[in-house]
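# Fold and geometry: a report
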Amino acid sequence: MNRLAQETSPYLLQHAHNPVDWYPWGPEAFARARDEDRPIFLSIGYSACHWCHVMERESFEDERVAALLNESFVSIKVDREERPDVDSIYMQAVQMMTGHGGWPMSMFLTPEGAPFFGGTYFPPEDRHGLPSFSLVLRQIAAAWRDRRGDVTTASEELRRALVESSVPPSQKGNLTRDALTAAANSLAAGFDPEFGGFGSAPKFPPSMSLDFVMQVAARTGDPRLRQVVTHTLDQMGAGGIYDQIGGGFHRYSVDAKWLVPHFEKMLYDNALLARLYVRGWQWTKEPRYARIARETLDFIAREMRSPEGGFYSTLDADSEGVEGKFYVWTRAEILKALGHEDGEIVARLFDASDEGNWEGHSILNLPREPEVVARELGMEPEVLLEIVTRARPTLLAARERRVRPGRDEKILAGWNGWMLAAFSEAALAFDSDHYREIATANADFLLSRLRPEGRLLRSWKDGVGRIDALLEDFAGVAWGLIASFEATQRRSDLDAALELAREMIERFGDAEGGGFWDTPHDGEPLITRPRDLFDNATPSGNSLAAATLLRLGAYFDDRELEAEGKKVVEAMAGTVMRVPSAFGFLLSQAAEWIAGPPTEIAVTGSWEDVDVRSFWQVIGESYLPNRILASSTAAPLPLVEGKPLDRAAVWICERYSCQEPISDPEQLRSALP
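Residues numbered from 1 in each chain as written. Predicted model: local features only at pLDDT ≥ 70, side-chain atom pairs only at ≥ 80, totals over all residues. Heavy atoms only, no water.

## Some remarks on the environment of Arg-302
Heads up, the condition is: Working definition: helices are DSSP H or I runs of at least four residues, strands are E runs of at least two. Numbering for both runs from the N terminus.
Among the secondary structure elements, Arg-302 is positioned in helix 12 (residues 287-303). Residues Arg-302 and Gly-26, spaced 276 residues apart in sequence, show a C-alpha to C-alpha distance of 36 Å.

Printed below as a string of C-alpha cells:
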C-alpha cells in the first residue's frame, strides 16, 4: 500500500494498492525529488476515465513498470477534479508539446515542477505509433542522467511559454447586440444540419453555445438560428448519448449522430444540459424538452445525491471492466422484462434488434418519431406512449439488478453550484416544490459543510472537507445561490452569494491585468499562476465570475460590482469575436446580459395569495433568460423598496424604472417580454 491510502479522492484510492510508490500532490514529493535529484512522473486523471483504468491495469499494476518508476522517479498522482489548477497548467504544457491533450495525462517534471516531456496514454507495448510506457521511462531516465542540459533547456522554454500564456488578451471592446448576432451566426456556420450540434465526430453536447444561440434566436426571430437550437436538442434527446431509460446524459458521443456515447456521466454536463432543456421548454413549450429536463434532474436526485444534500461528481463508464455494459440491452432482455407484446413494441421504438447497433448489443435511442412507429404498428400514438411510460420504470428496475458502474462520491463546490442553479431554475419553471426542497438542501450543504468557519473549500467526502476553493468554486457557488434565491426568495442565499463575490474579488482579482486568477493570492505557489479564460466542457472561472457579478450588481444596485463584471467581458471582446465557440458561457450569461438590459421583476403580496402564486407560475413558464426577480420576502432590496409589500401585484422594470403594477396573471403573461 502506498501513500494514496490516506486520501479521500476515489481516483487516488483506486491506485492505493498499486506497486508504484505513489505520492499525492504536495511538498513531501517535491522535497524527495530535490533531495534525491530525481525527475517527477506526474499522472493526472479522474475516477470515471476509461483510459485511466486501462493504463492502470496495463502499467501501474505491473511490477516491472513499477520497478522502473520506483527506481528512477518520484511518482505523483493527481485527481484533476480535485485540482483543476494543477491539471490546467500541465494540460496546457502537454498541448504545447504534442498538439493534443487528454487523460490520463503523463508528464515528466523537474524537482521544481517544470515540465520537460509529456503525453497522455502510453501502451504497455509499442503500437499505433506510440512507444511503450516502459521505453518512455527508460529514455527519460537516461536523458535526466546523461543529457541534463537538454532537459533543463526544454523545461525553461516551457515554463516561459506557460507564464506568457497566462497574460490576459489586450483586445478590449464592447460586444453590442449586432456583434452578438454576428457571433451566433458564426457559430451557426458550423452547424450539422443532419444530426445537429457543431462539426463532426466526436461530439460533445454544446450546452453553453446553444444557450447563447437560443437567446439570439429569440430576440431576432431568425428561423435558421432557431433550427440550430431545436434540431440539436431533438437529436441529443433522441440519441444514445441520452439515457433513454434512466435519464441523464453521458459525456460525449464518439460518432456524429449522438448514438454511441462515452458512457461516463458527469455532474457538470447534466447540470448544464438540464438547465438548457428547461430554457428550451420555456422558449418553445415543446413537452419533450420538459420531459428530458425532469428526467435528467430526477436521475441526479436518485443516483447522484448524498444524504446530506450534496451532489456526487461522476458515474463511471465501465462496469465489470466493460465500458457501457450497465446501459446496453439485447432484444431478448427487453422481451423478458416486459413480456412479448409490450417488449416487441418498446424494442421497435428504441432500436433494439437481434443484431444490435453496437458490438452485438443495442444502445437504446429513438431514430424515428413515436408517431411514425405507432403508424407502422397500426396503433394510436397515445397508446404507444402509454406503453412506453409503463415500460420505462420496469426496464429501470431490471437494469438496477445489474452490477452498477462505480460512483465518485466526492462533492465539489463549483460543480454543485451549477447543479444548484439547474434545480432552482427547474423549480421556478415547473413550479415544483420538490425541486425547491432539493435546491434548498444543497444550498444549506454548501454553506455549512463546504464553508466551515466561513472559509469555502473545494471538496468534501465522507465528512471531510479539504482543498481551498478555487475561482470556479467561489463563482459557481455564488451563481447557484443567486438562482436558488430566485426560486425560493430566501434572502440568506442572496446575501451569501454577495459575501462570496466580495471575497472572490479580494482574493482572486487581478488589479493589473483585469479579470481573475484561478487560484487565490494566498494559495499554493505553482510554477505559474493559472488563468483559464475559455469555456470548454465547463464554464471558465472568469465567465462565471462575470455572470455572478453582473447579477449581484443588478440585485443590489451596486455599480462597482457591475463594473467588475463588465471588465471581464470587455477585456475578452476581441478574442470572443474570433472564436465564439470558446466562450459560450461568457456570451450567454454575461455578454447578452450587458447588451440587454435585463428585465427586472418585483412581486409583492403573500405567497399564500392565489394570485401571487399564479404570478410566480407565469414568470416561471416564461422565457426570460436575463432577468432579476425579487419579492416582498426579499426586502429590503432596491427592486422592492418603496412598493406596498402586502399588495398582490407585479412590477416590470428596466434599470429600476417601473411600469404600472399588474394585478392580473393573464395581463402579466401579455406584458412580459
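## Structural notes on the pairing of strand 5 (residues 115-119)
Heads up, the condition is: Only protein chains enter the calculation, and the probe is 1.4 Å; a residue is then buried if its accessible area is under 20% of its type maximum, exposed if over 50%, and partly exposed in between. Strand pairing is assigned whenever DSSP detects at least two bridges linking the two strands.
The buried count for strand 5 comes to four of five residues, which makes it a mostly enclosed element. In this sheet, strand 5 lies alongside strand 4 (residues 105-109) in antiparallel orientation, the contact comprising four bridges. Across the sheet, the residue bridging to Leu-109 is Pro-115, located in strand 5. Taking the residues between adjacent antiparallel strands as the criterion, strand 4 and strand 5 are bridged by five residues, where Gly-113 takes a positive phi near 95°.

## A word on the sheet that holds strand 13 (residues 411-412)
Spatial strand order, 13-14-15: three strands in an open sheet with antiparallel pairing. Edge positions in the sheet fall to strand 13 and strand 15 (464-468), since each has one partner strand and no second.

## Section: unusual backbone geometry
Residue Pro-104 follows Trp-103 across a cis peptide bond; omega there is 5°. Within the secondary structure, Pro-104 sits in the loop between helix 5 (84-98) and strand 4. Pro-636 follows Ala-635 through a cis peptide bond whose omega is 0°. Mapping Pro-636 onto the fold places it in the loop between strand 17 (627-631) and strand 18 (649-654). Notably, Trp-258 is not glycine yet its phi reads approximately 65°, a positive angle. Along the chain, Trp-258 turns up in the loop between strand 6 (252-253) and strand 7 (261-262).

## Section: the environment of Ala-142
Its place among the elements puts Ala-142 in helix 6 (residues 133-146). For Ala-142, a relative accessible area of 19% corresponds to the buried category. Note: C-alpha distance between Ala-142 and Asp-664 (522 residues apart in sequence) is 80 Å.

## Concerning helix 19 (residues 471-488)
Selection rule: The span you would expect from a helix comes to 1.5 Å times its residue count less one.
With 18 residues, helix 19 extends 26 Å from end C-alpha to end C-alpha; this agrees with the ideal 26 Å at 1.5 Å per step. Most of helix 19 sits out of view: 17 of its 18 residues are buried. Where helix 19 ends, the next residue or the one after it, Gln-489, has phi of about 60°, a positive value.

## Focus: the state of the cysteines
Inclusion rule: Sulfur atoms of two cysteines make up a disulfide when they are within 2.5 Å.
On inspection of all chains with the given rule, the structure shows two disulfides. A disulfide bridge connects Cys-49 with Cys-52, and the sulfur atoms are separated by 2.3 Å. Torsion about the S-S bond of the Cys-49 and Cys-52 cystine: about 80°, corresponding to right-handed handedness. Cys-52 gets classed as buried once you look at its relative accessible area, which sits at 2%. With its sulfur 2.0 Å from that of its partner, Cys-653 forms a disulfide with Cys-658. Taking the torsion about the S-S bond as the criterion, the Cys-653 to Cys-658 disulfide, at about 95°, is right-handed.

## Quick notes on helix 17 (residues 413-430)
Note: α-helices contain 3.6 residues per turn, so residues at a spacing of three or four share the same orientation. The end-to-end C-alpha distance of helix 17, which contains 18 residues, comes to 26 Å, matching closely the 26 Å that a straight helix rising 1.5 Å per residue would cover. Of all 18 residues in helix 17, 18 are buried, a share of seventy percent or more. Positive backbone phi, at 50°, marks Asp-431, one or two positions downstream of helix 17.

## What about the packing of helix 14 (residues 340-349) against helix 16 (residues 381-400)?
The test is simple: Whenever a helix is involved, its axis is fitted only over the stretch in contact; in every case the axis is a line through C-alpha atoms, and angles between N-to-C directions fall within 0 to 180 degrees. Roughly parallel covers angles under 35 degrees, roughly antiparallel covers those over 145, roughly perpendicular covers 65 to 115, and oblique covers all other angles. By definition in these notes, contact holds between two residues if any of their heavy atoms fall within 4.5 Å. Any residue outside Ala, Val, Leu, Ile, Met, Phe, Trp, Tyr, Cys, Pro, Asp, Glu, Lys and Arg is labelled polar, Gly included; the first ten of those are nonpolar and the last four are charged.
Running from amino to carboxyl end, helix 14 crosses helix 16 at an angle of 95°, the nearest separation of the two axes being 10 Å. What the angle tells us is that helix 14 and helix 16 run roughly perpendicular. Here Asp-342, Ile-345, Val-346 and Leu-349 of helix 14 lie close against helix 16, whose contacting residues are Leu-384, Ile-387, Val-388, Arg-390, Ala-391 and Leu-395. Taken together, the residues that form the contact of helix 14 with helix 16 break down as eight nonpolar, no polar and two charged.

## Digging into the sheet that holds strand 9 (residues 314-315)
Sheet architecture is open: three strands sit in the order 8-9-12, paired in antiparallel fashion. Both outer strands of the open sheet, strand 8 (265-266) and strand 12 (407-408), are each paired with one neighbouring strand and no more. Pairing geometry for strand 8 and strand 9, over two bridges, is antiparallel. Paired with Lys-265 across the bridge in strand 9 is Leu-315.

## Describing the packing of aromatic side chains
Stated precisely, the cut-off is as follows: Working definition: a ring pair exists when centres of Phe, Tyr or Trp rings (six-membered ring for Trp) sit within 6.5 Å. Plane angles under 30 degrees give stacked, over 60 give edge-to-face, the rest tilted. Here, a charge over a ring means that NZ of Lys or CZ of Arg falls within 6 Å of the ring centre while also lying within 35 degrees of the ring normal.
Tallied over the entire structure, the rule returns 32 aromatic pairs. Between Phe-249 and Tyr-277, the aromatic rings sit 5.6 Å apart at their centres with planes inclined by 25°, giving stacked as the arrangement. Taken together, the positions of Phe-249 in the loop between helix 10 (223-238) and strand 6 and Tyr-277 in helix 11 (residues 267-284) put the pair 28 residues apart, joining distant regions of the chain. Taking NZ or CZ as reference, Arg-3 lies 3.9 Å from the ring centre of Tyr-23, over its face.

## Thoughts on a negative patch on the surface
Put simply, the test is: Residues enter a patch when their relative accessible area is above 30% and they make no salt bridge; the linking distance is 9 Å between like charges and 5 Å between nonpolar side chains (Val, Leu, Ile, Met, Phe, Trp, Tyr). Methods summary: accessible areas were calculated by the Shrake-Rupley approach with a probe of 1.4 Å, and residue burial reflects only the protein chains presented. Every case where a carboxyl oxygen of Asp or Glu lies within 4 Å of a side-chain nitrogen of Lys or Arg is listed as a salt bridge. Working convention for charge: Lys and Arg count positive, Asp and Glu count negative, and His plus the chain ends are omitted. The location of each charge is read from NZ of Lys, CZ of Arg, CG of Asp or CD of Glu.
Together, Glu-369, Glu-371, Glu-380 and Glu-382 make up a negatively charged patch on the protein surface. Assignment of secondary structure puts Glu-371 in helix 15 (residues 370-377). Take Glu-371: its relative accessible area is 37%, and that puts it in the partly exposed class.

## Some points on the pattern of salt bridges
Should the charged atoms of two oppositely charged side chains come close, the side chains can pair. All chains considered together, the criterion is met by 64 salt bridges. For the salt bridge of Asp-21 with Arg-32, the shortest nitrogen-to-oxygen distance reads 3.1 Å. With Asp-21 in the loop between helix 1 (10-14) and strand 1 (22-24) and Arg-32 in helix 2 (residues 27-36), this residue pair connects regions lying 11 residues apart in the sequence. Of the charged contacts in the structure, one is a salt bridge between Lys-325 and Glu-320, with a shortest N-O distance of 3.3 Å. Members of the salt-bridge network, linked through shared partners, are Arg-3, Asp-21, Glu-28, Arg-32, Glu-36 and Arg-38.

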